[in-house]
Amino acid sequence: PYASKLDLTIINSENSAEAQSAAIDAMVEAWAKYLSSKCGEGAKIAVDTGMPGSTNGNTIYEAAMSIFQDANINVVSEFASQYADGVCQEQLASVLAANPDLDGIFCQAYVESCYSALTQAGMDMIPISAFDTNLGMRTMLNNDLDAIIGNNCPGLSVIALDVAVR
């Protein structure tokens, strides 16, 4: 039932630290460019810094911020999801209360946390870039969210491909 709603891109890489790092860089670039194109020049977005002190979180943050700067996107608020649903939803709720005219969300946690925060704030859905789980994918598709998701779990990707092909 979701085939018409999906645009599936598969990026294969060798299994080395350098290759995995390059794959994450490519994903972050796609996320940030997607959000920039959806929101438009001058848009106001919130950016998740991830896990404070995390090398991976800092790498994702710095790569995204570079693209947002080049695209003339205004980062009006930052929050730290700590890669946790509850923390993300709580932090994002504060961001939304202070920025009700936000145009997009760049999140290192999960799309379902963003959806829940927006819903609880009584706000319209806005473009989202985020990681995801099975629940998040279902949330995105069932609510027709304008989102791009990334998933760094090869096993889940194989299951998703199997389901998509059937």
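Everything below is about the structure printed above this text.
Given the structure is predicted, the values throughout are model-derived calculations rather than measurements.

**Brief notes about the sheet that holds strand E2 (residues 74-79)**
Turning to step 1, where the next piece is worked out: Taken in spatial order, the five strands line up as E2-E1-E3-E4-E5 in an open sheet, and their pairing is parallel. Lying at the two open borders of the sheet, with one neighbouring strand each, are E2 and strand E5 (147-150). In this sheet, adjacent strand axes meet at a mean angle of 20 degrees when their direction is disregarded.
Turning to step 2, where the next piece is worked out: Two elements, strand E1 (residues 44-48) and strand E3 (residues 104-110), share three bridges in a ladder whose sense is parallel. Across the sheet, Ala46 pairs through a bridge with Ile105, a residue of E3.
Turning to step 3, where the next piece is worked out: Each of E1, E2, E3 and strand E4 (128-131) is contacted by helix H2 (residues 55-70), which is oriented at about 165 degrees to E3, the strand it contacts most.

**Here we look at the pattern of salt bridges**
Turning to step 1, where the next piece is worked out: According to the stated counting rule, one finds three salt bridges in the structure shown.
Turning to step 2, where the next piece is worked out: Between Lys33 and Glu29 there is a salt bridge, with the nearest N and O atoms lying 2.6 Å from each other. Of this pair, Lys33 and Glu29 are both found in helix H1 (residues 17-39), four residues apart, which corresponds to roughly one turn of the helix.
Turning to step 3, where the next piece is worked out: For Lys33, a relative accessible area of 46% puts it in the partly exposed group.

Parameters at a glance
- Residues numbered from 1 in each chain as written.
- Predicted model: local features only at pLDDT ≥ 70, side-chain atom pairs only at ≥ 80, totals over all residues.
- Heavy atoms only, no water.
- Pairing = 2+ DSSP bridges.
- Helix = DSSP H or I, 4+ residues; strand = E, 2+ residues; numbered from the N terminus.
- Axes fitted to C-alpha atoms, helices over the stretch in contact; angles between N-to-C directions.
- Contact = heavy atoms within 4.5 Å.
- Salt bridge = Lys/Arg side-chain N within 4 Å of Asp/Glu carboxyl O.
- Buried < 20%, exposed > 50% of the residue type's maximum accessible area, 1.4 Å probe, protein only.

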